[in-house]
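In case you want the letters, here they are:
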Amino acid sequence: MQTNISNRCATAGGTGIKPLRYAGGVLQMLDQRKLPTEEIWLDYRDYREVAEGIQTMVVRGAPAIGCAAAFGAWFGARDIEAEETGDFLDRFAAVCDHLAASRPTAVNLSWALQRMQGFARNHADRPVEQIKIALEYEALAILEEDERINRAMGRHGQELIPDPARILTHCNAGALATGGYGTALGVIRAAVAAGKQVAVLADETRPFLQGARLTAWELQRDGIDTTLICDNMAGYLMSRGLIDCVIVGADRIAANGDVANKIGTYTVAVLAREHRIPFYVAAPVSTIDLSLADGSLIPIEQRDRREITHIGDIQLAPDNIGVVNPAFDVTPARLVTAIITEHGIATGNYPVRLAELVNCGG
Ligand SMILES: CSC[C@H]1O[C@H](OP(=O)(O)O)[C@H](O)[C@@H]1O
């Protein structure tokens, strides 16, 4: 794997950065672990390396890891030496299983891999080498579709944003978490583009600090008014009437509208309900998992203790202290004011409305 140090990222004019670039058989991923102080792009050509990049959070964010996994699957398919289609499909399934194991919560990862496998099966009547070529284009299609989906989500969601609006965000559900433009931050971008006066209050989002390191960085680059706050300040600001609404992303949404998102989201939702502040979730329909009846069935990733005991090489806690590090929590549907998708908005009756939104795109 080579390192390509760039002194600036490809920024599409105020519509956020694109954290993934593909050309000539190479996937470049912006190393989000190094932001905001270094913009370093890493080159990927191998599915195992892509899986590691997802697990170590070089790339992170539900749609973005789905897009990265699609290219990982293409790399794995390309390297399979098989004459017989059945053998190819079996070995391609093993490649996708390896990629799927990199992070368990974001359903977009498995959605993208199932789409790649379904595409291969649907072309099983063709020679293996033709299937491989087609898989490269399918990975490109998944990436290119993602930004279009986010822009549609933004158009729907910005209708909910007041003018002026002081908006609290949690974690990063921006262009960096997607193929471009962002989900929650895409709604914010669309509100700004619609001429609304928007001020963002970005939760730093311990322990991985996606808010401080990523949301603050990408919105500042877009010239969007952004103030960084500690996670424990949200309640105070709400109690002082300084937040008009909350908007977050999602990693998996159960059929009843329960939402898995970055750890701390549930806390923000409870505070928002206490202060009668709208709590919005923005996610593509590929994040909605109708196979799960409710949020208790969503797998919650447990991450390394060092994310809590250290910031970089700086130790914050005693050696051998007990640590829990769930990367996500589940916000019950009753605390969710609306779920914004590219096909429209659900504002209640989630079991019915979410199924409609998922199927209307089908
Ligand atoms: C647009 S989905 C972004 C979603 O992913 C984040 O988690 P992570 O940074 O661990 O991948 C967080 O839950 C965001 O809401």
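The rules behind each value
Residues numbered from 1 in each chain as written. Predicted model: local features only at pLDDT ≥ 70, side-chain atom pairs only at ≥ 80, totals over all residues. Heavy atoms only, no water. UniProt positions renumbered as here; feature names shortened; annotations may be inferred. Helix = DSSP H or I, 4+ residues; strand = E, 2+ residues; numbered from the N terminus. Rg over C-alpha atoms; globule rule 2.2 N^0.38 Å. Buried < 20%, exposed > 50% of the residue type's maximum accessible area, 1.4 Å probe, protein only. Contact = heavy atoms within 4.5 Å. Disulfide = S-S within 2.5 Å. pLDDT = per-residue confidence, 0-100. Expected span 1.5 Å × (residues − 1). Pairing = 2+ DSSP bridges. Axes fitted to C-alpha atoms, helices over the stretch in contact; angles between N-to-C directions. Near = heavy atom within 4 Å. Polar contact = N/O pair within 3.5 Å; in protein donor to acceptor, adjacent residues only side chain to side chain. Areas by Shrake-Rupley, 256 points an atom, 1.4 Å probe, with all protein chains shown as cover. Nonpolar A, V, L, I, M, F, W, Y, C, P; charged D, E, K, R; others polar. Domains from an automatic or database assignment.

An unreviewed UniProt entry lists the chain under the name Methylthioribose-1-phosphate isomerase, with Geothermobacter hydrogeniphilus given as the organism. For the record of the chain, the UniProt heading Sequence similarities (unreviewed entry) holds the text "Belongs to the EIF-2B alpha/beta/delta subunits family. MtnA subfamily."

A. How the structure looks around the overall build of the chain. The helix and strand inventory of the chain stands at 11 helices and 17 strands. Computed over the C-alpha atoms, the radius of gyration of the chain is 20 Å, within 12% of the 21 Å expected from 2.2 N^0.38 for a compact globule of 362 residues. With respect to the principal axes defined by its C-alpha atoms, the chain has extents near 65 × 50 × 45 Å. Scored against the burial criterion, the 362 residues of the chain give a buried share of 58%. The contacts in the chain between residues at least 6 apart in sequence include a share of 74% that link residues at least 24 apart.

B. How the structure looks around unusual backbone geometry. In the segment running from leucine 35 into proline 36, the intervening peptide bond is cis, with an omega of 10 degrees. Mapped onto the secondary structure, proline 36 falls in the loop between β3 (26-30) and β4 (40-44). With an omega of 5 degrees, the peptide bond running from aspartate 163 to proline 164 counts as cis. As for its position among the elements, proline 164 is in the loop between α5 (128-157) and β5 (165-169). Its identity is not glycine, yet tyrosine 181 carries a phi of approximately 80 degrees, on the positive side. By secondary structure assignment, the location of tyrosine 181 is in the loop between β5 and α6 (184-193).

C. View of the state of the cysteines. According to the stated counting rule, one finds 0 disulfides in the structure shown. Of all cysteine sulfurs in the structure, the one in cysteine 171 sits closest to cysteine 230, which takes part in no disulfide; the separation is 16 Å.

D. Spotlight on the confidence of the model for the chain. Averaged over all residues, the pLDDT of the chain is 95; the fraction at 70 or higher stands at 96%. The model gives residues 5-13 a pLDDT under 50, and that stretch makes 20 contacts with residues more than four places away or in other chains. The ipTM assigned to the predicted complex is 0.98, against a pTM of 0.95.

E. Examining helix α4 (residues 107-122) more closely. End to end, α4 covers 22 Å across 16 residues, agreeing with the expected 22 Å (1.5 Å per residue, within 8%). Among all positions in α4, only Val107, Asn108, Leu109, Ala112, Leu113, Met116, Gln117, Gly118, Phe119 and Ala120 are buried. The inward-facing, buried residues of α4 abut α1 (47-55), α2 (62-78), α3 (85-100), α5, β9 (252-254) and β12 (288-289).

F. Geometry of the environment of phenylalanine 119. Along the chain, phenylalanine 119 falls in helix α4. Owing to a relative accessible area of 16%, phenylalanine 119 belongs among the buried residues under this scheme. Sequence separation between phenylalanine 119 and leucine 89 is 30 residues; the distance between their C-alpha atoms is 11 Å. Apart from residues no more than four positions distant in its own chain, phenylalanine 119 is found in contact with Ala134, Leu135 and Glu138.

G. Structural view of the UniProt feature "active site" (unreviewed entry) in the chain. When the UniProt feature table is mapped onto this chain, "active site" (unreviewed entry) is found at Asp251. Among the structural elements, aspartate 251 can be located in the loop between β8 (245-248) and β9. Taking relative accessible area as the criterion, aspartate 251 reaches 9% and is therefore assigned buried.

H. Examining the sheet that holds strand β7 (residues 226-229) more closely. The 7 strands lie next to each other as β7-β6-β5-β8-β11-β16-β17, forming an open sheet whose pairing is mixed. Strand pairing shows two members of the sheet lacking a second neighbour, β7 and β17 (344-346), which therefore form its edges. The mean angle between the axes of side-by-side strands here comes to 25 degrees, regardless of whether they run parallel or antiparallel. For β5 and β8, the ladder comprises 2 bridges, and the chain directions are parallel. The residue bridging isoleucine 167 from the neighbouring strand is cysteine 245, located in β8. Helix-sheet contacts for α5 involve β11 (279-282), β16 (338-341) and β17, and the interaxial angle to β16 is about 140 degrees. The strands touched by helix α9 (residues 265-274) are β5, β6 (198-203), β8 and β11; relative to β11, the strand with the most contacts, the crossing angle is about 145 degrees.

I. Highlighting the sheet that holds strand β15 (residues 328-331). Read from one edge of the open sheet, 4 strands run β12-β9-β10-β15, paired in mixed fashion. Across the chains shown, the open sheet's two edge strands, defined by having one partner strand only, are β12 and β15. Note that β9 and β12 share 2 bridges and pair parallel. When the sheet's bridge partners are listed, alanine 254 is paired in β12 with aspartate 289. Docked against the sheet, α9 engages β10 (259-262) and β15, running at close to 30 degrees with respect to β15.

J. A look at the site of the ligand. The ligand sits among 18 residues. The nearest are Gly61, Arg103, Asp251, Asn261 and Lys262. Here lysine 262 contributes a side-chain N or O atom positioned 2.7 Å from an oxygen atom of the ligand. For the ligand, whose accessible area on its own is 410 Å², the fraction buried by protein is 99%. Considered class by class, the residues forming the shell around the ligand number 8 nonpolar, 6 polar and 4 charged. Three or more residues apiece are contributed to the shell around the ligand by two domains, here domain 1 (3-151) and domain 2 (153-360).

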